[in-house]
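# Architecture at a glance
Below, each chain spelled out in residue letters.
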Amino acid sequence: MSQPLNFVPVAEFRERARSVVANPDLQKSLRGAMDFLQAKRSAQFPDDAEFQRLRDLGEAIRQYSLSRLPELLEVLEAKLTENGIQVHWAETPEQANTIFIDIAQRHNARSVIKGKSMVSEEVELNHALQEAGIDALESDMGEYIVQLADEKPSHIIMPAIHKTKVEIAELFAERIPGVDYTDSVDELIQIGRKVLREKFAAADIGVSGVNFMVAETGTLCLVENEGNGRMSTTVPRVHVAITGIEKVVEKLAHVPPLLSLLTRSATGQAVTTYVNMISSPRKVDEADGPDAVHLILLDNGRTQAYADEQLRSTLQCIRCGACMNHCPVYTRIGGHAYGTTYPGPIGKIISPHLLGLDSTYGLATASTLCGACAEVCPVRIPIPDLLIRLRTEAYSNPATASEAVRGAGSAYSSVAMALWHAWAATYRYPALYRLFTWCASRFRFLTPGKQGGWTVNHRAMQPARRRFRDQLKDRA
Amino acid sequence: MTASTATQDVYFFCTCLVDLFVPEAGLDAVTLLEKSGVRVHFPEEQTCCGQPAYTSGQPDEARAVARQQLGLFPKPWPIILPSGSCAGMMRHHYPTLFAGTPDLARAESVASRVWELSEFLVDVLGVRLTDYGVPTRVALHTSCSARRETNALRTTRALLGQLDQVTLEIQDHESECCGFGGMFSVRHPEISGGIVRDKVAAIRACGAETLITGDCGCMLNITGHAAKTGTAITGKHLASFLLERALGLEALTKKGGAK
């Protein structure tokens, strides 16, 4: 499998993180953005007891859906097919792109207009289309800004959250022909809207993601605020939806609680401006809608997560982004530093399945395990526990590593292991522990002034003159 | 200082950080407990709860060290820790760590008896403190484990609330992690440094004279960064602060002793 273009090696993660933390302007704007999103969400859940009940329900629905995933996917495929929606299965990003390009070629498509879809980012669809000579334009305002800047989304809900108003104003003036500089937000939105309106009318294919798929009714649910999702899925003569296999639920009745959790957690809205329910192409007596609807269902490592009882909870995610909005690490380093399609806490636990643990374990270690993510997760994904599990897989001995995660054992080092053995040997035998701590205390003047990563930010730690246990005896 | 219950026996697990780096916090916690009418037992064979290895993805090493602690508490007494982080490890993660092993029953027994110091003082002993100190303003940093895996946020605030000369200042982003995260602070100093930098600034800005925390890891992180950057922050473990306030000079000179 070729590596997605936006993947950044672990060594560069460190450097990127460092440069963002050292940039006061970026720190200020990240903090401001996260504070704003936290406040919006918090206002939607004034009653904690109600929130806990709702997330119990959300968790139960997601766990139930996953427990029947293979069966629900079969029901979904049958029902969608019956409704006239063509279903395609892709195991890898390459397969997904090949399927898409094949559909485009069959319809002689030259241009594509896209609603927001993180899975299309995951498979690098825009890049594949470009190589196939097909124009792709993002129609979500944030995605449009990011595309105009030749960048990647830095947040799964707010793709351009890393950009300031002035940066966007400069970008529009520079990249959109005939546009003069303005930093009026209303004017900027109107400029973008005007460009996009023309493209909607001209595009051959509309692309969208999917928030939930309903197996029993064969319905694709899509939430959005700008109307671009509805335009993308109704104006062009072909609609191609692309999403991950985990997004399926059994019944329509399972959607409202998840929808409520999603929009309240993500943008602090009781409901989004648009909730699209797509069940078929245009019927003979209907005025609007595409002639053909396709759904590409992507695996890309999801079945690996699915196969493990503990790691399966990763797939409960409804992609609200609340975990990143509340993460002290994300708040410091922003989304691009991660180098993965999905940043933040959810990115740390899903990326190892998409890309392999060998190239992503550095993300799993980059967490204080503070638990802020799990506290706000609307479907109760135990993110800190999963991070510990991924660390365990990464540092396990390759000779005996489990096969649960591709790349397990890749962080193993015999030197580090010897140090952990020595630590455990010292702390499991009280006599050794007492000797070690007695020496550390008695010879504290020998404590090194440089203590690795610790003294980058702190004054060196020095043992006390006398240990607690000695002083406790003194005072008796 | 008064407490509602009759004399009882408790075990004290001092934690490895307190043993070697902040012994006064342990001593003050023991004195507080004794002053509250409790007989404190310190099992000499204790070392570390095993958390550093557990969170670093070394469960075998964590289990080896944690197993050593399981045998230290044979009587059905409560086990008190002057740390929300280590209390969270023993209370919440021991049952997971020992799942499927012959030690599970012992691990569950230990887990069910673990109390973070302030929880025990408030929820079990019902301690009432009298404040003998001069008026002061403090900031409280509650560790993430204490906040999310114990009731220490509530009980610590309750204890500080009993001190009528103490004003609790709420620092900006009070509930946010301090960036310690154990090995995280060593492994990812570029990120950890950014988080603790903001925490130190927020504490400085809130007007508190002293930083109070129930976790020595957070305290060493915050005060260690403050010292490195020349920022004046005095950190004190909750036990030391309570003792100093409630007993006045008697506590400061450590003449209190066991009753």
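Residues numbered from 1 in each chain as written. Chains lettered and ligands numbered in written order. Predicted model: local features only at pLDDT ≥ 70, side-chain atom pairs only at ≥ 80, totals over all residues. Heavy atoms only, no water.

### Thoughts on the overall build of chain A
Of regular secondary structure, chain A possesses 23 helices and ten strands. Computed over the C-alpha atoms, the radius of gyration of chain A is 25 Å, within 12% of the 23 Å expected from 2.2 N^0.38 for a compact globule of 476 residues. For the C-alpha atoms alone, the extent of chain A along its principal axes is close to 90 × 55 × 45 Å. Restricting the contact set of chain A to residue pairs at least 6 apart, pairs at least 24 apart contribute 73%. Averaging the coordinates of the 52 positive side-chain charges in chain A and doing the same for the 54 negative ones gives two points 11 Å apart. (Helix = DSSP H or I, 4+ residues; strand = E, 2+ residues; numbered from the N terminus. Rg over C-alpha atoms; globule rule 2.2 N^0.38 Å. Contact = heavy atoms within 4.5 Å. Lys, Arg positive; Asp, Glu negative; His and termini not counted. Charge placed at Lys NZ, Arg CZ, Asp CG, Glu CD.)

### What about the domain arrangement of chain B?
All names here are of chain B. Each domain of chain B was delimited in the assignment, giving domain 1 (8-124) and domain 2 (136-250). Spacing between the C-alpha centres of domain 1 and domain 2 amounts to 21 Å. Every contact between the two is made by 30 residues of domain 1 and, on the other side, 28 residues of domain 2. Buried area between domain 1 and domain 2, both sides added, is near 2000 Å², and the carbon and sulfur share of it is 65%. At the boundary of domain 1 with domain 2, the tally comes to one salt bridge. A salt bridge links R154 to D123; the shortest N-O distance between them is 2.8 Å. Run the count over domain 1 and domain 2 and you get twelve residue pairs in polar contact (both at pLDDT 80 or more). Among the elements that make up the side of domain 1 that touches domain 2, the one with the highest residue count is helix α5 (residues 84-97) (eight residues). Residue classes in the side of domain 1 that touches domain 2 are distributed as 14 nonpolar, nine polar and seven charged. (Domains from an automatic or database assignment. Buried area = accessible area lost by both parts, 1.4 Å probe. Salt bridge = Lys/Arg side-chain N within 4 Å of Asp/Glu carboxyl O. Polar contact = N/O pair within 3.5 Å; in protein donor to acceptor, adjacent residues only side chain to side chain. Nonpolar A, V, L, I, M, F, W, Y, C, P; charged D, E, K, R; others polar.)

### Some thoughts on the pattern of salt bridges
Per the stated rule, a full pass over the model turns up 45 salt bridges over all chains. Here E176 of chain B and R31 of chain A are joined by a salt bridge, their closest N and O atoms 2.8 Å apart. With one member in each of two chains, E176 of chain B in the loop between β6 (166-169) and α10 (184-187) and R31 of chain A in helix α2 (residues 24-44) form a pair that bridges those chains. According to the relative accessible area criterion, R31 of chain A is buried, its value standing at 15%. Among the salt bridges present, the one from R157 of chain B reaches E174 of chain B, with a minimum N-O distance of 3.4 Å. Linking R157 of chain B in helix α9 (residues 152-161) with E174 of chain B in the loop between β6 and α10, this pair joins segments that are 17 residues apart in sequence. Owing to a relative accessible area of 33%, R157 of chain B belongs among the partly exposed residues under this scheme. Classification of E174 of chain B by relative accessible area gives buried; the value is 11%. When salt bridges with common partners are traced through the structure, they connect R31 and R332 of chain A together with E176, R197 and D198 of chain B into a single cluster. (Buried < 20%, exposed > 50% of the residue type's maximum accessible area, 1.4 Å probe, protein only.)

### Side note on the interface of chain A and chain B
Each side of the interface is counted separately: chain A has 59 residues, and chain B has 63 residues. A combined buried area of about 5600 Å² lies between chain A and chain B, and 61% of that area is made up of carbon and sulfur atoms. It is W420, N457 and F468 of chain A in chain A that bury the most area against chain B; as a group they hold 14% of the surface buried on that side. Summed over the shared surface of chain A and chain B, the result is ten salt bridges. It is helix α20 (residues 414-428) of chain A that provides the largest number of residues to the side of chain A that touches chain B, a total of seven residues.

### Points about the pairing of strand β4 (residues 205-208) of chain A
All names here are of chain A. Covered by surrounding structure in β4 are I205 and V207 together with G206 and S208, the residues of both alternating faces. By the bridge criterion, three bridges tie strand β2 (residues 111-114) to β4 in an arrangement that is parallel. Paired with V112 across the strands is I205, a residue of β4. (Pairing = 2+ DSSP bridges.)

### So, the side chain of E122 of chain A
Residue position: E122 of chain A is located in helix α6 (residues 118-122). By relative accessible area, which is 3% here, E122 of chain A ends up buried.

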